[in-house]
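Now for the letters of each chain:
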Amino acid sequence: MPATDLEQRLREAIVAIATAHAGLRAVLGRTTRLVVERDTLAQDVVLPVLAYDLLTYDEASGRGEVLVTAIAEGVDAGAKCRAALEQLQLALTAPAFEALGLQVAPLEGTRRSVDEVEDVRDRLALDSPTLTQVDWSLLLLVLESL
């Protein structure tokens, strides 16, 4: 299977797994458009939201890296961002990927500072003093697709 097909399946799986997770739905307060691709962030995105990007995928090693950015605004924005990322971490498991026909082992994730990645403020065209973004990088080991 070409890498681009597998990459697309990984993208679709991340969205499907996150959208189906009850804990993430509860934290974000809705059942749709919980997760969007980072490139699609725009003014019409409802906050809070998770934006993701499959940064790398090396077919030879089976390793990939996903960057997820939790974005919220309001007095509790930081707590909401952290809670959303914690729920996503609970959601993205090997059995969840396997249920979608992918053998993927999520490895340890790491928090990244805003200085390390692109700030989302310009994409959202928001100048809110409470706008908060928390970034999380997750390594994936793609064993094979079923």
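Bear in mind that the values here come from a model prediction, so they are computed numbers and not experimental data.

Visitor: Describe in detail the pattern of salt bridges, supporting the description with residues and values.
Guide: Evaluation of the coordinates by the stated rule reveals two salt bridges. Across the pair Arg11 and Glu37 runs a salt bridge, and its minimum N-O distance is 3.3 Å. Here Arg11, found in helix H1 (residues 3-20), pairs with Glu37, found in strand E1 (residues 35-37); they are 26 residues apart in sequence, far enough to count as distant. The class for Glu37 is partly exposed, based on a relative accessible area of 31%. For Arg11, the salt bridge is made with Asp53, and the minimal N-O distance between the two is 3.9 Å. With Arg11 in helix H1 and Asp53 in strand E2 (residues 49-58), this pair connects stretches of sequence that are 42 residues apart. Within the structure, one salt-bridge network assembled from shared partners comprises Arg11, Glu37 and Asp53.

Visitor: Just give me the short version of the pairing of strand E3 (residues 63-72), but keep the residues and values in it.
Guide: Judged by how many residues are buried, E3 sits mostly within the fold: nine of 10 residues are covered. Direction of pairing for E2 relative to E3: antiparallel, over a ladder of nine bridges. Opposite Tyr52, over in E3, you have Val68 as the bridge partner. Two successive antiparallel strands, E2 and E3, enclose a turn made up of four residues, where Gly62 displays a positive phi of approximately 75 degrees.

Visitor: So what's going on with the confidence of the model for the chain? Which residues, and what values?
Guide: On average, the chain scores 86 in pLDDT, and the residues at 70 or more come to 90%. Taking the mean pLDDT of every element in the chain, the minimum, 73, falls on helix H5 (residues 121-124) and the maximum, 97, on helix H2 (residues 22-28).

Thresholds applied
Residues numbered from 1 in each chain as written. Predicted model: local features only at pLDDT ≥ 70, side-chain atom pairs only at ≥ 80, totals over all residues. Heavy atoms only, no water. Salt bridge = Lys/Arg side-chain N within 4 Å of Asp/Glu carboxyl O. Helix = DSSP H or I, 4+ residues; strand = E, 2+ residues; numbered from the N terminus. Buried < 20%, exposed > 50% of the residue type's maximum accessible area, 1.4 Å probe, protein only. Pairing = 2+ DSSP bridges. pLDDT = per-residue confidence, 0-100.

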